[in-house]
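Each chain, letter by letter, is given below.
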Amino acid sequence: MAEKILEVSNLSVSYQERRKTPFEKKKSIQILKELTFSMERGEILGLVGESGSGKTTLARAILGMIPYEGEIAKAVSSPQMVFQDPYGSLNPARRVGWILEEPLRLRGKMDAPQRKERVASMLQRVGLDEKFADRYPRELSGGQRQRVCIAAALMLEPGLLIADEPVSALDVTIQAQILELFERIHSEMNLSVLFISHDLRVVYQMCDRVLIMKGGQIVESGPVEEVYFHHRHEYTGSLLSAAGIVV
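Reference entry: report on the structure contained in this document. Please read these numbers as outputs of a predicted model, since none were measured by experiment. (Residues numbered from 1 in each chain as written. Predicted model: local features only at pLDDT ≥ 70, side-chain atom pairs only at ≥ 80, totals over all residues. Heavy atoms only, no water.)

**Focus on the overall build of the protein**
Then, in step 1: Along its length, the protein carries eight helices and nine strands.
Then, in step 2: Rg of the C-alpha trace for the protein: 19 Å, near the compact-globule value of 18 Å for 247 residues, within the 12% margin.
Then, in step 3: Dimensions of the protein along its principal axes, counting C-alpha atoms only, are 55 × 50 × 40 Å.
Then, in step 4: Looking at the protein as a whole, 45% of its 247 residues qualify as buried.
Then, in step 5: Sequence separation of at least 24 residues holds for 68% of the intrachain contacts in the protein that already meet a minimum separation of 6.
Then, in step 6: Surface summary for the protein: the accessible area is close to 13000 Å², and the carbon and sulfur share equals 46%. (Helix = DSSP H or I, 4+ residues; strand = E, 2+ residues; numbered from the N terminus. Rg over C-alpha atoms; globule rule 2.2 N^0.38 Å. Buried < 20%, exposed > 50% of the residue type's maximum accessible area, 1.4 Å probe, protein only. Contact = heavy atoms within 4.5 Å. Areas by Shrake-Rupley, 256 points an atom, 1.4 Å probe, with all protein chains shown as cover.)

Now the structure itself:
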């Protein structure tokens, strides 16, 4: 039986709407509504839904960045996230080597030579020469920056990686290269990946299973082939049709 690396049970997230006047009563807006699902070790699980469906909110809840109701059980101590925007995800005042070393410094289990060796190894793993450690983010292309972001997320060998629209800010050619990188590191590191995307073609290419979200709820889930070609929910069909996927 496959090991569960993530189990989410009855997960709900609500926000308090800002008051327009001091006398107005605050309203609670529910973003996620009793989500339940699990992930197996080594799996790539797709998460699909239109903007505002709650995908990023779910990712932030899993990472412990926001309060929630329900239960989230993780078989890893520190899941990491690769964000959509590689331009805003890196400290522009620091060199790449410093950025990659920082999580190792905070953990405090390696000396300086060991950290630098680890940085060089990780840069090579994501397809960059170790000389990139001396560059600033502004000196890199979009694809190179996203490779650095992926390297930073992998420095502590997280076991679970959340990728939030990781290629949507890149041009088509670079997208293909980054997706190929995700597939390779997934295989090499037996990494579990929660892959968030609005692009159903990319999800079909990358993922083992898929969750379809609408209005803060999971409306359909299952193996990619089953959901794409034998879907039961009308919303899934509309997403596939909008993506030009005829089923």
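Read on for the rest.
**Digging into the packing of helix H2 (residues 96-107) against helix H4 (residues 142-154)**
Then, in step 1: Running from N to C, H2 and H4 point in directions that differ by 25°, and their axes come no closer than 8 Å. When the axes of H2 and H4 are compared, the pair comes out roughly parallel. The crossing of H2 and H4 is right-handed. Contacts between H2 and H4 involve Val96, Leu100 and Pro103 from the first element and Val148, Ala151 and Ala152 from the second. (Axes fitted to C-alpha atoms, helices over the stretch in contact; angles between N-to-C directions. Parallel < 35°, antiparallel > 145°, perpendicular 65-115°, else oblique. Left-handed = near helix turned anticlockwise from the far one by under 90°.)

**As for the sheet that holds strand E7 (residues 192-197)**
Then, in step 1: The strand order across the open sheet built from six strands is E5-E6-E7-E3-E8-E9, with neighbouring strands paired in mixed fashion. Of all strands in the sheet, those bounded by a partner on one side alone are strand E5 (80-82) and strand E9 (217-223). Averaged over all neighbouring strand pairs, the angle between strand axes comes to 20°, with direction disregarded.
Then, in step 2: Direction of pairing for strand E3 (residues 44-48) relative to E7: parallel, over a ladder of five bridges. The residue of E7 that forms the bridge with Leu45 is Leu194.
Then, in step 3: Of the strands in this sheet, E3, strand E8 (209-214) and E9 touch helix H8 (residues 234-242), which is tilted by about 105° from E8. (Pairing = 2+ DSSP bridges.)

**Observations concerning the sheet that holds strand E4 (residues 69-74)**
Then, in step 1: The strand order across the open sheet built from three strands is E2-E1-E4, with neighbouring strands paired in antiparallel fashion. Both edges of this open sheet fall to strand E2 (28-40) and E4, since each of them pairs with a single strand only. Across this sheet, the average inter-strand angle for adjacent strands is 15°, counted without regard to direction.
Then, in step 2: Across five bridges, strand E1 (residues 4-16) lies against E4 in antiparallel orientation.

**With respect to unusual backbone geometry**
Then, in step 1: In the Ramachandran plot, Asn10 falls in the positive-phi region, its phi being about 50° despite a non-glycine side chain.
Then, in step 2: Within the fold, Asn10 resides in strand E1.

**Details of the packing of aromatic side chains**
Then, in step 1: In this structure the tally under the stated criterion is three aromatic pairs.
Then, in step 2: Each ring, one from Phe182 and one from Phe195, has its centre 6.0 Å from the other, and the planes form 90°; the classification is edge-to-face. With Phe182 in helix H5 (residues 172-189) and Phe195 in strand E7, the pair connects residues that are 13 residues apart, well separated along the chain. Neither residue differs from the other here; Phe182 and Phe195 are each classed as buried.
Then, in step 3: Here the aromatic rings of Tyr204 and Tyr228 are separated by 5.3 Å at their centres, their planes lie at 40°, and the arrangement is tilted. A residue pair is termed long-range when its members are at least 10 positions apart, and Tyr204 in helix H6 (residues 200-206) and Tyr228 in helix H7 (residues 224-229) qualify at 24 residues.
Then, in step 4: The class of Tyr204 is partly exposed, set by a relative accessible area of 35%.
Then, in step 5: By relative accessible area, Tyr228 is classed as buried at 2%. (Phe/Tyr/Trp six-rings, centres within 6.5 Å; stacked < 30°, edge-to-face > 60°.)

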